[in-house]
Structures are given as C-alpha cells and as structure tokens.
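Here is what each chain is made of, one letter per residue.
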Amino acid sequence: MKRLFPFALMFLAACGAGGPTVQLDTTLSSSEARQYFGAETSASGGASESIGFYSNGCLAGGEQLAETGPTWQSMRLSRNRNWGHSELIDYIQTLSQDVARNTSWAGLYVGDMAQPRGGPMLTGHASHQSGIDVDIWMLAPDRLDLTVEERENLSSISVRAQRGASVNGNWTADHAEVLRLAASDPRVARIFVTTGVKVWLCENVTGDRSWLSHIRPANGHHYHFHVRLNCPRGDGSCQNQPLPQGDGCQEAYDRAARILNPPPPGPPNNDPPPASPPSGMRVALGNMPNQCPALLSGF
Ligand SMILES: [Zn+2]
C-alpha cells in the first residue's frame, strides 16, 4: 500500500478532495487485478453469476467442485482452482456420468476451473476468469481414488504428434466419444483442442457432425481439452463469444498445413519485443467490469 501514497497526495493537491475515494480510485487504476483475485481463498456468497468476458471478468457466488465424486476427481488441489458457476459444476458432473456410462473411461480428471471469485490468475491462463471455463485431462482415469498427493504429482498424457498437426498413439476412439459427449451439451460454446485432434475428428466422424462446429483448434491443448460454456441464462453482465459459421474443418486443415510447412521467414524484425504480457493477465482493477472490484474482500 505504501507505493500508493505519492499518487494519493497528488490527487489531494490537485483536487482538494480527501477521504477514502481518492485512495480507492488510485488503487483501481494502478493495481494488478491478478494480485487481488489470486489472493482470494473463498467465494463471495450468493447465487452464481458470471460477470464480463472469459478473459476479463469475474465470478460472483462461485461454487466449489467436490474434490472427488463418483465419476470425477479434481486435480492439483493446491491451486484452489476448482471453483465455477453452478452451471459449470452441473455440466462437469453430468458429463462425467455420461463418460463413465458410454466409454471405457471411469470418469474425468478435472483440471483448472476458476479461482473462488474468478478474475485473472497469477499464473497459467488468460481466460478462466468468469467461472465458465474448465480444463479436462486427456488422461483416461482408471481409478478415482487418487490421494491428494497423487493428484499433485500425476501427469496427464499428450495426444499430439507433428508439433500439433496430427494425433499420436495415445489418441483413442474413446477420446473422440468423450469430446462428442462434451460438445453435445447445449450449454457449450467452444471446446479448444490441439489442431490434430480437430483434423482427426473432421476426417473420421460419421453421422451427426453438428457438434464439430463447437470443437475449435488452438495452440497447446494436447494434455487437456478446454470447455467454455455460454453465458448462463439470466447473467446480464456476462458477455458471449459468437461461434463462427460452419464446421471449422477447413480452418483446422489450414492450420495443420501451416504447422507442417511453415511460411518462409520474412525480413528480419528489429521491433522491440512487446512490453506487456498477454492480455488478460495484467489488467488493472479499474479496467475490469465495475462489478468485479466490488467482489473483492478488501474493498
Ligand atoms: Zn483452459
């Protein structure tokens, strides 16, 4: 808090105003939101509400996914990121039951969801801020009685080959079925997967292919897939991300082609590297939706 004083004094001198408002304004504009949201250890209470956008938002009334259920386990409990909107909790529980019933998988290993009050994180993600994103491991669970320690140390598996252009020997038909089940829930907006997974699905899925439009190729996402829900009904401050038209297969083929045959390097780039880290990670509190700073326990 010490470093805020010179700014507060400047305000006092310039405006002749005093009191806590000055300090609050200064704090909002100069403080990294991730420091505040990353420090929250409990939810804000009340009904769940997603506020803002996936990469600039927060979560009121977060619920915690049970660490272990009949068809799921939360992984890496030390991160305290097994929080989400009540719709996300229901989605994960329902999907894990469907997976256990319809595939060889015993259920799901659930990775990062959101922090207790959502918001930007100190490490790892630009999105996952509004409580409606979840990472699900590509590793098929064969047991759902992992200890807390095992859940810290066990690693997922990668399904990627050729730097992401195709899938490797870890990929199975059951992975495709898990993704079909995951994408068929009408609450789902997008599911991010490594490009090779989308290519495999485009080339192999027969029958109903309508769910393919929700599967989007992305960098990374070969140890886990990332499910993003639509804004829950009634959450008026939540901002959706419209889905492009079509099944997205051509985009995936083009991405794979660029991975396999990257364009030749252009003329040398002497621009200085960008000064700021990826968007969403270092946003100031004052640049978040208004409701977000108000959710913090310190305000
Ligand atoms: Zn994710």
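Under an unreviewed UniProt entry, the name given to the protein is Penicillin-insensitive murein endopeptidase, and the organism recorded is Gymnodinialimonas phycosphaerae.

The next thing to look at is the state of the cysteines. Throughout this description, disulfide means a covalent bond between two cysteine sulfur atoms. One pass over the structure, following the stated rule, counts 3 disulfides. With a sulfur-sulfur separation of 2.0 Å, Cys 202 is cross-linked through a disulfide to Cys 249. The sign of the -90° torsion about the S-S bond sets the Cys 202-Cys 249 disulfide as left-handed. Taken as a pair, Cys 202 in helix α7 (residues 195-204) and Cys 249 in helix α8 (residues 249-260) lie far apart in primary sequence, 47 residues in all. A sulfur-sulfur distance of 2.0 Å marks the disulfide that ties Cys 231 to Cys 238. Taking the torsion about the S-S bond as the criterion, the Cys 231 to Cys 238 disulfide, at about -80°, is left-handed. In this structure, Cys 231 and Cys 238 share a single accessibility class: buried. Each bonded cysteine of the protein gets a number by its place in the sequence, and the pairs then read 1-6, 2-5, 3-4.

Overall, the coordinates contain 13 salt bridges when judged by the stated rule. The shortest N-O distance in the salt bridge between Arg 101 and Asp 98 comes to 3.5 Å. Taken together, the positions of Arg 101 and Asp 98, both in helix α4 (residues 86-102) and 3 residues apart, correspond to about one turn of that helix. The exposure class assigned to Arg 101 is exposed, which follows from its relative accessible area of 59%. Under the relative-accessibility criterion, Asp 98 is labelled partly exposed at 23%. Between Asp 185 and Arg 187 there is a salt bridge whose closest N-O contact spans 3.0 Å. For Asp 185, a relative accessible area of 16% corresponds to the buried category. Judged by relative accessible area, Arg 187 falls into the partly exposed class, the value being 22%.

Rules used in this analysis
- Throughout this description, residue numbers start from 1 for each chain and increase along the sequence as written.
- The predicted origin of the model limits local features to residues at a pLDDT of at least 70 and limits the giving and counting of side-chain atom pairs to 80 or more, whereas totals for whole chains, interfaces and linings rest on all residues.
- Working from all heavy atoms in the structure, the side-chain values ignore hydrogens and water.
- Count a disulfide wherever a pair of cysteine sulfur atoms falls within 2.5 Å.
- Every helix listed is a DSSP run of H or I at least four residues long, and every strand listed is a run of E at least two residues long, numbered separately from the N terminus.
- Buried residues are those whose accessible area, probed at 1.4 Å on protein chains only, stays under 20% of the maximum for their type, while exposed residues exceed 50% and partly exposed ones sit between those limits.
- A carboxyl oxygen of Asp or Glu within 4 Å of a side-chain nitrogen of Lys or Arg is what we treat as a salt bridge.

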